[in-house]
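In case you want the letters, here they are:
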Amino acid sequence: MSFEIRKIVSYIEETFIEGGKASDKPVTMVGLAVVMKNPWVGNGFVEDLKPQIRANCSDLGAMMVERLVGLIGGAEKIEAYGKAAVVGADGEIEHASAVIHTLRFGNHYREAVKAKSYLSFTNKRGGPGTSIQIPMMHKDDEGLRSHYITLEMQIEDAPRADEIVVVLGCADGGRLHPRIGNRYIDLEELAAEKAQ
């Protein structure tokens with residue numbers, strides 16, 4: 001792999017109580033971040049980003065998925081998933097997007113967890129210590145609101161101006177005590193209201 005990786009950071013969060021009420025099953029969220037040198041910085045405006053994408057994104061995705069799955073204890077435990085990227089000040093949002101918005105990168109994750117849903121995402125610009133949000137949804141059902149969750153983390157020294165932080169996130173469940181229904185219930189209620 002020729003992306004130059006400075007560090008890999010993992011974050012694990014377990015939630016046992018929400019709204020003052022304990023849960024029988026805590027929810028674990030895991031984030032895995034790769035801090036890498038932005039390969040396009042310093043080259044002026046690069047018209048064709050695809051050579052770096054073709055050469056490196058598949059290897060990066062495979063490595064990250066393997067590590068993330070290991071951290072949560074197996075692909076079969078993953079119910080919700082998402083991705084994020086933060087580009088440093090000298091880069092473009094398009095550079096962050098170029099790494100995470102390619103099937104060469106994302107398909108490793110979708111295939112590992114046998115997902116049907118697309119990977120929700122954020123991509124933004126930020127400096128060292130910026131908040132990184134990884135929005136997630138159910139891997140098989142975009143309409144299941146219980147799994148609309150966000151993992152937030154930060155890395156004190158990343159991204160530097162010439163870096164990109166690439167992140168994958170997962171959870172072994174949805175929010176504790178979900179009670180707002182889902183989009184299918186909303187559609188039924190709206191249809192019933194129109195029929196009256």
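Residues numbered from 1 in each chain as written. Predicted model: local features only at pLDDT ≥ 70, side-chain atom pairs only at ≥ 80, totals over all residues. Heavy atoms only, no water.

As annotated in an unreviewed UniProt entry, the chain is Amino acid synthesis from Pseudomonas mohnii.

Draft legend 1. The arrangement of the nonpolar core in detail. Ranked by internal contacts, the top residues of the largest apolar core, which has 34 residues, are Leu60, Met64, Val99, Tyr109, Ile164 and Val166. Breaking this core down by element, the ones donating at least two residues are strand E2 (21-37), helix H1 (50-72), strand E3 (80-87), helix H2 (93-100), helix H3 (103-112) and strand E7 (163-171). Broken down by element, this core gets its largest block of residues, 9 residues, from H1. Among residues more than four places away in sequence, those in contact with Ile164 are Val34, Val35, Met36, Asn38, Pro39, Trp40, Ala85, Val86, Val87, His95, Ala96 and Val99. Judged by nonpolar contacts, the second largest core, of 19 residues, contains Ala84, Ile134, Ile149 and Leu176. (Core = buried A, V, L, I, M, F, W, Y, C linked by side-chain atoms within 4.5 Å. Buried < 20%, exposed > 50% of the residue type's maximum accessible area, 1.4 Å probe, protein only. Helix = DSSP H or I, 4+ residues; strand = E, 2+ residues; numbered from the N terminus. Contact = heavy atoms within 4.5 Å.)

Draft legend 2. Region of the structure containing the side chain of Arg110. Among the structural elements, Arg110 can be located in helix H3. The side chain of Arg110 is buried and forms no salt bridge, while Glu111, the nearest opposite charge, is found at 7.1 Å. What Arg110 contacts, discounting residues up to four positions off in sequence, is Tyr81, Leu103, Ala115, Ser117 and Leu119. (Lys, Arg positive; Asp, Glu negative; His and termini not counted. Salt bridge = Lys/Arg side-chain N within 4 Å of Asp/Glu carboxyl O.)

Draft legend 3. View of H1. Here H1 spans 32 Å end to end across 23 residues, near enough to the 33 Å set by a 1.5 Å rise per residue. Immediately beyond the C-terminal end of H1, within one or two residues, lies Gly73, with a positive phi of roughly 95°. (Expected span 1.5 Å × (residues − 1).)

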